[in-house]
Amino acid sequence: MSVAELKEKHKAATETLNSLRERLRDRRSQLLDTDVASYAKAQGKTPVAFGPTDLVCCRILQGHTGKVYSLDWTPEKNRIVSASQDGRLIVWNALTSQKTHAIKLPCAWVMTCAFSPTGQSVACGGLDSVCSIFDLNAALDKDGNLPVSRMLTGHKGYVSCCQYVADDDTRLITGSGDQTCVLWDITTGLRTSVFGGEYQSGHTADVSSVSINGSNSRIFVSGSCDATARLWDTRVASRAVRTFYGHEGDVNPVKFFPDGNRFGTGSDDGTCRLFDIRTGHQLQVYTPHQQQQKGDSITSIPSVTSIAFSISGRLLFTSYSNGDVFVWDTLLAEVVLNLGTLQNSHEARVSCLGLSADGSALCTGSWDTSLKIWAFGGHRTVI
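Thresholds applied
- Residues numbered from 1 in each chain as written.
- Predicted model: local features only at pLDDT ≥ 70, side-chain atom pairs only at ≥ 80, totals over all residues.
- Heavy atoms only, no water.
- Helix = DSSP H or I, 4+ residues; strand = E, 2+ residues; numbered from the N terminus.
- Buried < 20%, exposed > 50% of the residue type's maximum accessible area, 1.4 Å probe, protein only.
- Phe/Tyr/Trp six-rings, centres within 6.5 Å; stacked < 30°, edge-to-face > 60°.
- Polar contact = N/O pair within 3.5 Å; in protein donor to acceptor, adjacent residues only side chain to side chain.
- Contact = heavy atoms within 4.5 Å.
- Pairing = 2+ DSSP bridges.
- Axes fitted to C-alpha atoms, helices over the stretch in contact; angles between N-to-C directions.
- Salt bridge = Lys/Arg side-chain N within 4 Å of Asp/Glu carboxyl O.
- Disulfide = S-S within 2.5 Å.

Participant: Help me get a handle on the environment of Val 304, residues and values and all.
Facilitator: Examined against the element boundaries, Val 304 turns out to sit in strand β22 (residues 304-309). Separated by 33 residues in sequence, Val 304 and Thr 271 place their C-alpha atoms 6.9 Å apart.

Participant: Please provide a residue-by-residue account of unusual backbone geometry, values included.
Facilitator: Although it is not a glycine, Asp 167 sits at a positive phi angle of roughly 60°. Of note, Asp 167 is situated in the loop between β10 (159-164) and β11 (171-176). Positive phi, normally seen in glycine, also occurs at Ala 227, with a value near 70°. With respect to the helices and strands, the residue Ala 227 is situated in the loop between β15 (219-224) and β16 (229-233). Ala 227 sits in the buried class, given a relative accessible area of 18%.

Participant: Residue-level account of the packing of aromatic side chains, with values.
Facilitator: Enumeration according to the criterion identifies 14 aromatic pairs in this entry. Between Phe 220 and Trp 232 the ring centres are 6.4 Å apart and the planes differ by 15°, which places this aromatic pair in the stacked class. Highlighted residues: Phe 220 in strand β15 and Trp 232 in strand β16, separated in sequence by 12 residues. Take Phe 220: its relative accessible area is 0%, and that puts it in the buried class. In this structure Trp 232 comes out as buried when scored by relative accessible area, which is 0%.

Participant: Quick rundown of the side chain of Thr 305? Include the residues and the values.
Facilitator: Considering the arrangement of structural elements, one finds Thr 305 in strand β22. Side chain to side chain, Thr 305 and Ser 319 meet in a polar contact 2.6 Å long. Of the polar contacts made by the side chain of Thr 305, one reaches the backbone oxygen of Val 350; its length is 2.6 Å. The residues touching Thr 305, leaving out its near neighbours within four places in the chain, are Pro 253, Ser 319, Tyr 320, Ser 321, Arg 349, Val 350 and Ser 351.

Participant: Explain the environment of Asp 169 to me, and be specific about the residues and the numbers.
Facilitator: Turning to its location among the elements, Asp 169 is positioned in the loop between β10 and β11. Ignoring any residue separated from it by four or fewer positions in sequence, one finds Asp 169 in contact with Ser 116, Pro 117, Thr 118, Gln 120, Ser 121, Tyr 164 and Ile 186. A polar contact is formed between the side chain of Asp 169 and the side chain of Ser 116, at a distance of 3.2 Å. A polar contact is formed between the side chain of Asp 169 and the side chain of Thr 118, at a distance of 2.4 Å.

Participant: Describe the sheet that holds strand β5 (residues 99-104), with residues and values.
Facilitator: Spatially, four strands are ordered β2-β3-β4-β5 in an open sheet, and the strand pairing comes out antiparallel. The open sheet has two edge strands, β2 (68-73) and β5, and neither has a second partner. Neighbouring strand axes in the sheet, compared pairwise and without regard to direction, differ in orientation by 15° on average.

Participant: Please set out the pattern of salt bridges residue by residue, giving values where relevant.
Facilitator: Tallied over the entire structure, the rule returns 10 salt bridges. With a shortest N-O distance of 3.9 Å, Arg 273 and Asp 269 are connected by a salt bridge. The exposure class of Arg 273 is buried, given its relative accessible area of 11%. Judged by its relative accessible area of 8%, Asp 269 is buried. Here the salt bridges do not stand alone but share partners, grouping Asp 259, Arg 262, Asp 276 and Arg 278 into one network.

Participant: Account for the state of the cysteines, with residues named and values stated.
Facilitator: Tallied over the entire structure, the rule returns zero disulfides. Cys 113 takes part in no disulfide bond, and the closest cysteine sulfur, belonging to Cys 162, lies 7.0 Å away. According to the relative accessible area criterion, Cys 113 is buried, its value standing at 4%. The thiol of Cys 162 is not disulfide-bonded; the next cysteine sulfur, from Cys 131, is found 4.7 Å away.

Participant: I'd like to hear about the pairing of strand β4 (residues 88-93), residue by residue, with values.
Facilitator: Working note: regular strand, side chains alternate between the two faces of the sheet. Where strand β3 (residues 79-84) lies against β4, five bridges are found, and the strand directions are antiparallel. By the bridge assignment for β4, Ala 83 is matched with Leu 89. If you look at the hairpin formed by β3 and β4, you'll find three residues sitting between the two strands, and Gly 87 has a positive phi there, around 80°. With five bridges joining them, β4 and β5 adopt antiparallel strand pairing.

See below:
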């Protein structure tokens with residue numbers, strides 16, 4: 001068979017695949033008779049009442065000299081680690097704003113960071129294609145720097161995200177520009193499993209984010225620049241359990257809902273979406289009002305950069321490339337507050353955010369080089 005004939009067969013197969021995919025989407029749409037917001041409104045649910053005094057900036061963490069790209073809280077809620085383009089990780093005491101560690105990185109182009117479950121170590125990765133582990137209790141080297149305790153090498157592209165497996169300081173999942181996710185054994189520095197890559201059910205573009213199910217640590221979801229999210233079981237690396245479609249741009253953040261049965265996504269198309277892992281159905285789309293105006297060009301739509309759910313899941317926190325941080329009522333799909341309009345809001349792109357373990361505070365990181373901690377004011381606790 002000639003090269004031309006092979007190309008023609010490939011083109012025909014691709015067209016058939018796309019046609020079947022569209023038919024599947026249409027069939028799924030027909031089966032969905034409602035969404036979360038419509039059902040909630042039909043049940044007479046009232047929106048969450050939020051005002052400017054209900055979420056206030058109580059701490060500004062200053063010390064980075066470059067854009068902040070990533071942050072993570074410790075499980076005990078009082079420490080934060082942040083990664084910046086200045087080539088440093090900083091560990092902060094969230095209660096006092098003091099720096100406990102300023103870690104010089106082997107590669108300045110860091111993109112992600114994460115605390116271990118015990119809070120005794122931190123991981124980071126970036127354009128060097130390596131995930132570096134630092135033991136926060138280790139002795140400083142002769143130059144006064146904290147040495148790398150383990151380097152996880154094996155990715156063929158940049159490391160875009162990392163997350164420790166719950167209650168286990170020895171296992172970590174990374175996502176990469178090489179289109180794969182990897183489960184690592186930190187003790188040996190070896191890859192336990194590789195998800196995607198040569199497998200046809202894997203992502204077809206850069207992996208941008210991962211989120212491990214809090215109810216079942218064997219399950220995780222990944223988001224990718226191929227506009228999909230994929231569900232994985234660490235026991236079966238050869239294929240994705242399910243692929244989720246719907247976005248029209250790169251899927252940037254993914255985050256599991258508190259009950260573990262759903263997860264949220266955010267995309268360059270400006271929307272967030274809520275998916276059910278049991279049915280594969282899209283439950284809700286969270287679209288800012290300015291995007292609903294006709295005539296808006298795709299370039300005017302700010303990308304979703306990071307998301308987080310409140311403890312109960314009633315609130316969804318989303319950050320955008322234009323500096324907005326929306327608080328959504330997940331039931332009614334309504335914006336109840338925009339931190340970007342409040343006093344002490346960020347002056348540039350908000351690249352990352354995260355909620356403390358007890359849900360009492362939100363931290364945001366920005367390209368304006370600062371991090372801000374937002375506390376729930378008055379009698380309110382996070383919903």
